[in-house]
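Listed below, chain by chain, are the residues.
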Amino acid sequence: DMKVTQMPRYLIKRMGENVLLECGQDMSHETMYWYRQDPGLGLQLIYISYDVDSNSEGDIPKGYRVSRKKREHFSLILDSAKTNQTSVYFCASSLHRANTEVFFGKGTRLTVV
Amino acid sequence: GQQVQQSPASLVLQEGENAELQCNFSSTATQLQWFYQSPGGSLVSLLSNPSGTKHTGRLTSTTVTKERRSSLHISSSQTTDSGTYLCAIDKLSGSFNKLTFGAGTRLAVCP
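Residues numbered from 1 in each chain as written. Chains lettered and ligands numbered in written order. Predicted model: local features only at pLDDT ≥ 70, side-chain atom pairs only at ≥ 80, totals over all residues. Heavy atoms only, no water.

### Re the overall build of chain A
The condition that has to hold: Per the convention used, a helix needs a DSSP run of H or I reaching at least four residues, while a strand needs a run of E reaching at least two, with both numbered from the N terminus. Atoms counted for the radius of gyration: C-alpha only. Globule rule: 2.2 Å times residue count to the power 0.38. Here a residue-residue contact requires only that any non-hydrogen atoms of the pair lie within 4.5 Å. We get accessible surface area from the Shrake-Rupley algorithm with a probe of 1.4 Å; when it comes to residues, only the shown protein chains can shield them. When charges are tallied, Lys and Arg are placed among the positive residues and Asp and Glu among the negative ones, while His and the ends of the chain are skipped. To locate a charge, the coordinates of NZ of Lys, CZ of Arg, CG of Asp or CD of Glu are taken.
Helix and strand counts for chain A stand at 0 helices and 11 strands. Helices (α) and strands (β) of chain A occur, in sequence order from the N terminus, as β-β-β-β-β-β-β-β-β-β-β. The globule rule puts the C-alpha radius of gyration for 113 residues at 13 Å, and the 13 Å found for chain A is close to it. C-alpha extents for chain A along the principal axes are approximately 35 × 25 × 25 Å. Pairs at least 24 apart in sequence give 54% of the contacts found in chain A among residues at least 6 apart. By element, 50% of the accessible surface of chain A is carried by carbon and sulfur atoms, the whole surface being about 5,600 Å². When the 15 basic and 13 acidic side-chain charges of chain A are each reduced to a single mean position, those positions are 6 Å apart.

Below, the structure written as structure tokens:
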């Protein structure tokens, strides 16, 4: 069963705390993504990873960093979370970097208070 | 400006009616995908259609690459079709592609 799994699904953190969002995929996909979705803004790309330790900034990388030490795992880290990072975060993966279908996880709803 | 524009922004149908959703994009797209987002938030890929016409179940997507537009036709709509439909393009940007999403069409199908 091909899937992208995100943990946790819901998270509440205080401003200034560190946040770790985890993502896994069981399809041996090369490319993985982190997006955030906000009302009125749609989905915005934060980071892309092309393979282990091969990451590139997306459109809104400020305030975030990522880690990919294994092909099947891609983590999003918020060092000292801010209230404007309250959002729904989606992880996704695709077989290759170009022209292949993208699969999404179910999302993590993060609230920073 | 916005690179992917979807219309209409929202649509209300009676069960059984057909829906036509539009996606226009301003950049050359090497890939185009239609997604369904349920009211609970999960995204599911419906169709991957960079050009031509594709069918799956009650869904038909037609993409005219030269005219930078795609449509998603939903036939015989059901209440379970309610949700948001997102169009996304994968445009060549430097050495990699990035999905760029439209704002979506929110569909409500009434019994």
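### Digging into the nonpolar core
Quick reminder of the rule: Throughout, nonpolar core names a set of buried Ala, Val, Leu, Ile, Met, Phe, Trp, Tyr and Cys residues whose side chains join them through atoms within 4.5 Å. Burial classes: relative accessible area under 20% of the type maximum marks a residue as buried, over 50% as exposed, and values in between as partly exposed (1.4 Å probe, protein chains only).
Among the nonpolar cores identified, the biggest contains 20 residues, and A:Trp34, A:Leu76, A:Leu78 and A:Tyr89 are the most heavily contacted of them. For this core, the secondary-structure elements that each account for two or more residues are strand 3 (19-25), strand 4 (31-38), strand 5 (42-51), strand 8 (73-78), strand 9 (87-94) and strand 11 (108-112) of chain A. B:Val4, B:Leu13, B:Leu72 and B:Leu107 belong to the second largest nonpolar core, which has 19 residues in total.

### Some points on the state of the cysteines
Residues and elements named next belong to chain B. Let me state the cut-off plainly: The disulfide criterion used throughout: a pair of cysteine sulfur atoms within 2.5 Å.
A complete count under the given rule lists 2 disulfides over all chains for this structure. In this model, Cys 23 is linked to Cys 87 through a disulfide, with the two sulfur atoms separated by 2.0 Å. Every disulfide takes its handedness from the sign of the S-S torsion; for Cys 23 and Cys 87 that torsion is -70 degrees, giving left-handed. Highlighted residues: Cys 23 in strand 3 (residues 19-25) and Cys 87 in strand 9 (residues 83-93), separated in sequence by 64 residues. The burial state of Cys 23 is the same as that of Cys 87; both residues are buried.

### Quick notes on the interface of chain B and chain A
Stated formally: Put simply, buried area is the surface a 1.4 Å probe can reach on two separate parts but cannot reach once they are joined, added for both. By definition, a salt bridge exists where a carboxyl oxygen of Asp or Glu is found within 4 Å of a side-chain nitrogen of Lys or Arg. Whenever a nitrogen or oxygen atom comes within 3.5 Å of another N or O atom, the pair is scored as a polar contact, on the condition that within protein one atom can donate a hydrogen and the other can accept it, and that pairs from neighbouring residues in sequence are kept only if both atoms are in side chains.
Each partner contributes to the interface: chain B provides 17 residues, whereas chain A provides 20 residues. When chain B packs against chain A, the two sides together hide about 1,600 Å² of surface, and 50% of this comes from carbon and sulfur. Counting every contact that joins chain B to chain A gives 0 salt bridges. One can count 4 residue pairs in polar contact (both at pLDDT 80 or more) joining chain B with chain A. Breaking the side of chain B that touches chain A down by element, the ones donating at least two residues are strand 4 (31-37), strand 5 (43-48), strand 9 and strand 10 (96-101) of chain B. A per-element tally of the side of chain B that touches chain A places strand 10 of chain B first, with 5 residues.

### Some points on the pattern of salt bridges
Evaluated as defined, the whole model comprises 6 salt bridges over all chains. Residue A:Asp38 pairs with A:Arg36 through a salt bridge whose shortest N-O separation is 2.9 Å. Comparing A:Asp38 with A:Arg36, the two get one shared label, buried. Linking B:Arg58 and B:Asp81 is a salt bridge whose minimum nitrogen-to-oxygen distance equals 2.9 Å. Linking B:Arg58 in the loop between strand 6 (52-56) and strand 7 (59-64) with B:Asp81 in the loop between strand 8 (69-74) and strand 9, this pair joins segments that are 23 residues apart in sequence.

### As for the packing of aromatic side chains
Applicable threshold: Ring geometry is summarised as follows: Phe, Tyr and Trp rings, the Trp one being its six-membered ring, pair when their centres sit within 6.5 Å, and such pairs are stacked at plane angles under 30 degrees, edge-to-face over 60 and tilted between the two.
In the structure shown here, the tally under the stated rule is 10 aromatic pairs over all chains. Ring centres of A:Trp34 and A:Phe74 lie 6.5 Å apart, and the angle between their planes is 40 degrees; on these two criteria the pair is classed as tilted. Of the two residues, A:Trp34 is situated in strand 4 and A:Phe74 in strand 8; the sequence distance between them amounts to 40 residues. According to the relative accessible area criterion, A:Phe74 is buried, its value standing at 0%. Between A:Tyr35 and B:Phe101, the ring centres sit 5.5 Å apart and the planes meet at 85 degrees, which makes this aromatic pair edge-to-face. Residue A:Tyr35 is located in strand 4, and its partner B:Phe101 is located in strand 10; the two belong to separate chains.

### Concerning the sheet that holds strand 1 (residues 4-7) of chain B
All names here are of chain B. For the record, the criterion: Between any two strands, pairing holds if DSSP finds at least two bridges. Orientation is described by lines fitted to C-alpha atoms, with helices fitted over the stretch in contact, and by angles between N-to-C directions that extend from 0 to 180 degrees.
Spatially, 5 strands are ordered 1-3-8-7-6 in an open sheet, and the strand pairing comes out antiparallel. Each edge of the sheet is formed by a strand with only one pairing partner; in this case those strands are strand 1 and strand 6. Ignoring which end each strand starts from, the neighbouring axes of this sheet average 15 degrees apart. Where strand 1 meets strand 3, 4 bridges bridge the pair, whose relative direction is antiparallel. Of the residues in strand 3, the one forming a bridge with Gln 6 is Cys 23.

All we've got here are geometric facts, nothing functional implied.
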